[in-house]
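Structure assessment
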Amino acid sequence: MVGMSDRPLTYITVAKVEEVLPGQSRPIQLGQCSILLINEAGSFYALQGVCPHQDLPLADGKIWKGVLDCPWHHFQYDIRTGENLYPRRVYPLRTLPHLCDQVRSLQTYPVQIVGQEVQVGISECCLECFAK
Ligand code: FES
């Protein structure tokens, strides 16, 4: 079985370094993939750009000490791993059965800096959508 990490990636330039300042984010659409590019203290991260809670965009979410706070209902995610920190780490999911399907981690994408360009690694299937 081929996992996501085993699939070949293609790096796409999505911004120049100076276009997304520390503490800022930028929503990016690559084909059908909504991605949120984040600059935290000079390090770039790319996450799924839609919150699994109610499939609403994460653009304009507050970024604070490695945490992305969804602007809609304040679910919180680790920007490095995409892990849901709130409510998962605060409330045991057995106390919130109605939220089980909505409390998921965000997909993360690898980021590389080439010169002054920020590039995000996407899989072949995203690339096919992007090319259409
Ligand atoms: S849509 Fe993000 S917390 Fe509700």
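Computed from a predicted structure; not experimentally measured.

Concerning the nonpolar core
Ranked by size, the top nonpolar core spans 23 residues in total, and within it Ile35, Leu37, Ile38, Ala46, Leu47 and Val120 carry the most contacts. Of all the secondary-structure elements, those providing two or more residues to this core are strand E3 (33–40), strand E4 (43–48), strand E5 (50–51) and strand E13 (117–123). In terms of residues, this core owes the most to one element, E3, which gives five residues. Look past the residues within four positions of isoleucine 38 in its chain and what remains in contact with it is Ser25, Phe44, Tyr45, Leu47, Ile63, Leu68 and Ile79.

Let's talk about the sheet that holds strand E12 (residues 111–114)
Reading across the sheet, the three strands line up as E1-E13-E12 and stay open at both edges, with antiparallel pairing between neighbours. Two strands close off the open sheet at either side, each with one partner strand: strand E1 (9–16) and E12. Averaged over all adjacent pairs, the angle separating strand axes in this sheet is 35 degrees, with direction ignored. The sheet contact formed by E12 and E13 spans four bridges and is antiparallel. Across the sheet, valine 111 pairs through a bridge with valine 120, a residue of E13.

Thoughts on the sheet that holds strand E2 (residues 25–30)
Overall, antiparallel pairing links the four strands, which are arranged E2-E3-E4-E11 in an open sheet. With partners counted over all chains shown, the strands left at the sheet margins are E2 and strand E11 (108–109), one partner each. Bridge count between E4 and E11: two bridges; the pairing is antiparallel. Considered in E11, the bridge of alanine 46 is made with tyrosine 109.

A few points about the confidence of the model for the protein
Averaged over every residue, the pLDDT of the protein is 88; residues scoring 70 or more account for 89%. Averaged pLDDT values for the elements of the protein fall to 64 in helix H1 (residues 124–131) and rise to 98 in E12.

Considerations on the pairing of E2
Examined bridge by bridge, E2 and E3 share six bridges and lie antiparallel to one another. Residue pairing for E3: glutamine 29 is matched across the bridge by serine 34. Connecting E2 to the next strand, E3, in antiparallel fashion are two residues, including glycine 31 with a positive phi near 60 degrees.

Each value, and the rule that gives it
- Residues numbered from 1 in each chain as written.
- Predicted model: local features only at pLDDT ≥ 70, side-chain atom pairs only at ≥ 80, totals over all residues.
- Core = buried A, V, L, I, M, F, W, Y, C linked by C-beta atoms within 7 Å.
- Buried ≥ 20, exposed ≤ 12 C-beta atoms within 10 Å, placed from the backbone.
- Helix = DSSP H or I, 4+ residues; strand = E, 2+ residues; numbered from the N terminus.
- Contact = placed C-beta atoms within 7 Å.
- Pairing = 2+ DSSP bridges.
- Axes fitted to C-alpha atoms, helices over the stretch in contact; angles between N-to-C directions.
- pLDDT = per-residue confidence, 0-100.

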